[in-house]
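Coordinates in review
One-letter residues, chain by chain:
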Amino acid sequence: WAGAGTFTYGTSTLVMSKSGTQTISYIGGADVYNLTVNNGSTTELLCPNDSGGRLDVNGDLIVTEVLRSDTSGVSASTSIGMRTGGKTLTVTEVATGLASLYKLSLMHTSGTISVPACTTPRIFCSGSGGTTQATGDLTITTELEVSSGATFNANGNNIAAEVIDNQSGGTFLLTASSTLTFEDTSGAG
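Overview of the structure. On a predicted model such as this, the values are computed, not experimentally measured, just so you know.

Within the open sheet, the three strands sit side by side as S2-S5-S8. Their pairing is parallel. Edge positions in the sheet fall to strand S2 (20-25) and strand S8 (66-69), since each of these pairs with one other strand and no more. Each neighbouring strand pair of the sheet contributes to a mean axis angle of 25 degrees, computed without reference to strand direction. In this sheet, S8 lies alongside strand S5 (residues 41-46) in parallel orientation, the contact comprising four bridges. Opposite leucine 45, over in S8, you have serine 69 as the bridge partner.

So this is what it looks like as structure tokens:
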């Protein structure tokens, strides 16, 4: 993918458009501005030297097919990070688009990132001063974490999660028209 077109740091959009499966491989962590995964494309994140390596998107993230963590077993905990409030997060395939992505880390320290209806294992809201707002129903199959100084707003949407970790100093807003469902209460205390 790196040989197609001119890449300008801070403004360019990396478009994954191959039909079938393709891989973004990076060392440690990496940054892109905008990332688009086109319809018909499955894009895997591979970080060979860090099983939890994160690809940071500083602009818009648009997933119209599947964005997932590495399936080879080398770096199964790779994740996507969004660092800037006010940017667009689009997920067209609600049930599958992010369902195999280890974690979506929302680390913005100001503004709002809106999360559309989707299924994903983990959403970590860790940017002190930033707000994460649901704009559709969310199914979080493992954990929703709201760190100190961060805000999560259900915004009238249904939130289904196995665990919600609202850390000291974090704000979890559940409005009257929202529903909170814990998917697995077998180990709840």
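From this point on, the discussion continues.
Here we take up the nonpolar core. Leu35, Leu61, Ile80, Ile123, Leu138 and Phe152 are the most contacted members of the largest nonpolar core, which has 39 residues in total. With four residues, strand S15 (residues 138-146) is the largest single contributor of residues to this core. Ignoring any residue separated from it by four or fewer positions in sequence, one finds leucine 61 in contact with Leu35, Leu67, Ile80, Met82, Thr88, Leu89 and Thr90.

Looking along a regular strand, one sees side chains alternate from face to face of the sheet. Because side chains alternate across strand S11 (residues 103-106), one face comprises the buried residues Lys103 and Ser105, and the other comprises Leu104 and Leu106, equally buried. Across four bridges, strand S9 (residues 79-82) lies against S11 in parallel orientation. Looking at S11, one finds that glycine 81 is bridged to serine 105. Pairing analysis gives three bridges linking S11 to strand S13 (residues 118-125), with the strands arranged parallel. Pairing of leucine 104 across the sheet is with isoleucine 123, part of S13.

The rules we used
- Position numbers for residues start from 1 in each chain and track the written sequence from start to end.
- With pLDDT at 70 or above as the cut-off, local features in this predicted model cover only qualifying residues; side-chain atom pairs require 80 or more to be listed or tallied, and sums for whole chains, interfaces and linings still use all residues.
- By convention in this description, side-chain values take in all heavy atoms of the structure and omit both hydrogens and water.
- Two strands are counted as paired when DSSP detects at least two bridges linking them.
- The way it works is that DSSP assigns letters per residue, a run of H or I at least four long becomes a helix, a run of E at least two long becomes a strand, and they are numbered from the N terminus.
- To obtain an axis, a line is fitted to C-alpha atoms, over the contacting stretch when the element is a helix, and the angle between two such axes runs from 0 to 180 degrees between their N-to-C directions.
- We define a nonpolar core as any set of buried Ala, Val, Leu, Ile, Met, Phe, Trp, Tyr and Cys residues linked to one another through side-chain atoms lying within 4.5 Å.
- The cut-offs for exposure are 20% and 50% of the maximum accessible area for each residue type, with area from a 1.4 Å probe on protein chains only; residues under the lower value are buried, those over the upper are exposed, and the others partly exposed.
- By definition in these notes, contact holds between two residues if any of their heavy atoms fall within 4.5 Å.

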